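Examining the three-dimensional arrangement
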Amino acid sequence: MGRVVTLGEIMLRLSTEQGQRLQDSDRFCAHYGGGEANVAISLANYGHRVSFMSKVPEHSLGLAVEKHLRSYGVDTSLLLKGGPRLGTYYMETGIGERAASVIYDRAGSSFAVMDHLEWSLADCFKEVDIFHVSGITPALSENWRWLTKEIMEAAKEAGCQISFDINYRGKLWTQQEAGQALEQLLPLVDICSAGEMDALYLLGIEQAPRSTEDPLIYYYEKMQEKFPNIQTFYSTKRTVHSASANDLQGTLWMNGQYVESPVHQITSIVDRVGGGDAFAGGLLHGILEEMQPQEIIAFATAASALKHTIHGDCNQFNQSEVAGFIASGSGKIIR
């Protein structure tokens, strides 16, 4: 099994019950999560050795985060303690035609206000196969833009493959700010989660000609021409029928080969948050296990589909359960 390190902010999520408006709620469901922490948990579930780099306050909420990560087998030796607070966000749960909505309360968090490196990077990446981070981290502050690059450079120097999920959040930074940062970071990346919208609005790729048979292949090709160091791009195609019903398909561009997963028709979504992280975790698992491209994308998309059936941010299925789901088909009883 592989050795992986992920870096990012983990937050407390407070969600309404279905059918409740945020302003009318007098109770919330509490979960801990964040993009890179969710990927770490997925990979630990699949048997990989995973460490999570972050910083949380030294009080009960920080302890709860540590317990949450450890309960899934994630190593917390790189989880720093200190700083003013744990970031929080509130989610009004969607249902039917009403989409979910989010209010962030993360400014000034222990992780976001870091202004220098507090880890010995040479020690962090010894015998590590993959280092994973997302665009959310450099979006947090000016400091985190150069800190992210410095950490990525150290991981690269140590021989890690660099995995980067663009994961653009319009509430954290502008498209122009994101595009400028990506120009600095993507030359260090080996594996990248990026789709059509990222290519068009963040990476400056020209729109595909109308005659293009499959625009996504065009965008993958153009992104690889711009960043030839990246041999693997991946993303999902999602058709949203309602907040409760989506069609989900995974796509993968790997060493010049394009493959797609079967389409998963998810008709009763329990919780969509973390679905993309489960997809990324499944994809990295496939790479670490040296699966064939078609196997990789099938596994990653199945993992994401299963995450939609679970409350909370993180995937809670192991490798054999995902494989069993693929083998049996959705909705069948596994006896």
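**Quick notes on the packing of aromatic side chains**
Here the structure, examined in full by the defined rule, presents 10 aromatic pairs. Taking the centre distance of 6.1 Å and the plane angle of 70° together, the rings of Phe28 and Tyr90 count as edge-to-face. Separated by 62 residues along the polypeptide, Phe28 in the loop between β2 (11–15) and β3 (29–33) and Tyr90 in strand β6 (residues 88–92) bring together distant segments of the chain. Geometrically, the ring pair formed by Tyr234 and Phe279 is tilted, given 5.7 Å between the ring centres and 55° between the ring planes. Separated by 45 residues along the polypeptide, Tyr234 in strand β11 (residues 232–240) and Phe279 in helix α9 (residues 275–288) bring together distant segments of the chain. Grouping residues by exposure puts Tyr234 and Phe279 together as buried. A network of ring pairs unites the aromatic residues Tyr220, Phe233, Trp253 and Tyr258 as a single cluster.

**Considering the pattern of salt bridges**
This model, assessed by the stated rule, comprises 16 salt bridges. Put simply, Lys55 and Glu118 hold a salt bridge, and the shortest N to O gap is 3.0 Å. Separated by 63 residues along the polypeptide, Lys55 in strand β4 (residues 49–56) and Glu118 in the loop between β7 (101–105) and α3 (121–124) bring together distant segments of the chain. Notably, a salt bridge pairs Arg85 with Asp105, separated by 3.2 Å at the nearest N-O pair.

**Comments concerning the pairing of strand β9 (residues 161–165)**
β9 sits mainly inside the fold: four of its five residues count as buried. Note that strand β8 (residues 130–134) and β9 share five bridges and pair parallel. Each residue of the ladder has a partner; that of Ser134, found in β9, is Asp165. Here three bridges tie β9 to strand β10 (residues 191–193), and the two strands are oriented parallel to one another. Within the sheet, the bridge partner assigned to Ser163 lies in β10 and is Ile191. Handedness of the crossover is the feature at issue here: the chain leaves β9, passes through helix α6 (residues 175–185), returns alongside β10, and the resulting connection is right-handed.

The rules behind these values
- Residues numbered from 1 in each chain as written.
- Predicted model: local features only at pLDDT ≥ 70, side-chain atom pairs only at ≥ 80, totals over all residues.
- Heavy atoms only, no water.
- Phe/Tyr/Trp six-rings, centres within 6.5 Å; stacked < 30°, edge-to-face > 60°.
- Helix = DSSP H or I, 4+ residues; strand = E, 2+ residues; numbered from the N terminus.
- Buried < 20%, exposed > 50% of the residue type's maximum accessible area, 1.4 Å probe, protein only.
- Salt bridge = Lys/Arg side-chain N within 4 Å of Asp/Glu carboxyl O.
- Pairing = 2+ DSSP bridges.
- Right-handed = clockwise from strand over helix to strand, strands pointing away.

Worth remembering: the numbers are spatial, not functional.
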